[in-house]
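The primary structure of each chain is shown beneath.
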Amino acid sequence: MKNKYFTIAMGLKPIAIVASKKGRNILFFALVFALILITPFTTLKAQNIKVAIAANLQPVMKALQKDFKAKTGINVDAISGPSGNLTTQIENGAPFDVFLSADTAFPDELFKSGFATNKPVVYAAGTLIICSTEKLDLGNWPKLLPGTSVQKIAIGNPAIAPYGKAAQEALTKAGIYEMVQAKIVLGESITQVNTYITTGVVQAGFTTLALVKDAANKTQLYYKIIDPKTYNPIKQGMVLIKQPKPNPGAEKFYRYILSPAAKKIFINYGYHVN
């Protein structure tokens, strides 16, 4: 009797196997081996998501990543930067699955431009502080900053960093923005502002409360919470980014950020949640 043949495509040259009992056994084990090779890589790809995060979220994101991984087994690759710059990257095709901004304006821009699947939802509200490594009279910062004891003041670039915009609003509300403008050192992000503050490059800086709540920060810092009435609320928005092939893990992370577990972590880092 003539032998029949089966062909297995394994990404290499086809393998011809005789359809005898021995051949069928070989076919079975070859198929199992192929599945073993393919499955881990498929699973690995499905269990990773890329998330763009505002720079102020760097400290809290580490805790969120750890908790989310423990609950779902999904890894979160977080890339941080100024919200404005991240928005531009997404508009230019950066392969992010979720965007956590430091405001709602930038994610709303993405939604209106067709890059996001949903309108931004507020996941937390930030707290602005003035901070220093020196024991200054930060409680009376409107009088302190124009004085001679402070030569440099760090704030985020208001055009791309929402916390920098809030700092500019607070300085303007206090009536001293023009008086201290020559002293202002702009950071491209809150991360850069925090570096200026913690290394003593500036005598004072406006940043997020999360900086002093971060256990990883070992620098002795003094701070004062800025009256929230002096700047527009820092409502931080989140959107899902449109992708040709949506990642199921992205939807899970989106829901997680709005969950009680995530809210508890945000609160621990000085954020307000609903």
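Definitions and limits used
Residues numbered from 1 in each chain as written. Predicted model: local features only at pLDDT ≥ 70, side-chain atom pairs only at ≥ 80, totals over all residues. Heavy atoms only, no water. Pairing = 2+ DSSP bridges. Helix = DSSP H or I, 4+ residues; strand = E, 2+ residues; numbered from the N terminus. Axes fitted to C-alpha atoms, helices over the stretch in contact; angles between N-to-C directions. Contact = heavy atoms within 4.5 Å. Salt bridge = Lys/Arg side-chain N within 4 Å of Asp/Glu carboxyl O. Buried < 20%, exposed > 50% of the residue type's maximum accessible area, 1.4 Å probe, protein only.

Asker: So what's going on with the sheet that holds strand S9 (residues 184-187)? Residues and values would help.
Answerer: The strands that make up a sheet pair up through hydrogen bonds in the backbone, lying either parallel or antiparallel. An order of S9-S8-S10-S7-S11 is seen for the five strands of this open sheet, with the pairing classed as mixed. Edge positions in the sheet fall to S9 and strand S11 (222-225), since each has one partner strand and no second. When strand polarity is set aside, the average angle formed by the axes of neighbouring strands in this sheet is 30°. As defined by bridge partners, strand S8 (residues 153-156) adjoins strand S10 (residues 204-208) across two bridges and the pair is classed as parallel. If you follow Ile153 over to S10, its bridge partner there is Ala204.

Asker: Could you give an account of the sheet that holds strand S4 (residues 75-81), naming the residues involved and the relevant values?
Answerer: Strand order in the open sheet formed by five strands is S4-S3-S5-S12-S6, with mixed pairing between adjacent strands. A single partner strand is all that each edge strand has here, and the edge strands are S4 and strand S6 (121-126). With direction set aside, neighbouring strand axes in the sheet form an average angle of 20°. In the sheet, strand S5 (residues 98-100) pairs with strand S12 (residues 234-240) via three bridges, with the strands oriented antiparallel. When the bridges of S12 are listed, Val98 appears paired with Leu240. Here helix H10 (residues 248-257) sits on the sheet in contact with strand S3 (48-54), S4, S5, S6 and S12, set at roughly 155° to S12.

Asker: Can you tell me about the pattern of salt bridges, naming the residues and giving the values?
Answerer: Counting across every chain of the model gives three salt bridges. In this structure, the salt-bridge partner of Asp67 is Lys71, at a minimum N-O distance of 2.8 Å. Separated by four residues within a single helix, Asp67 and Lys71 lie in helix H2 (residues 58-72), roughly one turn from each other. Residue classification places Lys71 among the exposed positions, given a relative accessible area of 51%. Salt-bridge contacts for Arg255 lead to Glu251; the nearest nitrogen and oxygen are separated by 3.3 Å. Here Arg255 and its partner Glu251 are both found in helix H10, four residues apart, which amounts to about one turn of the helix. Look at Glu251 and you get partly exposed, because its relative accessible area is 33%.

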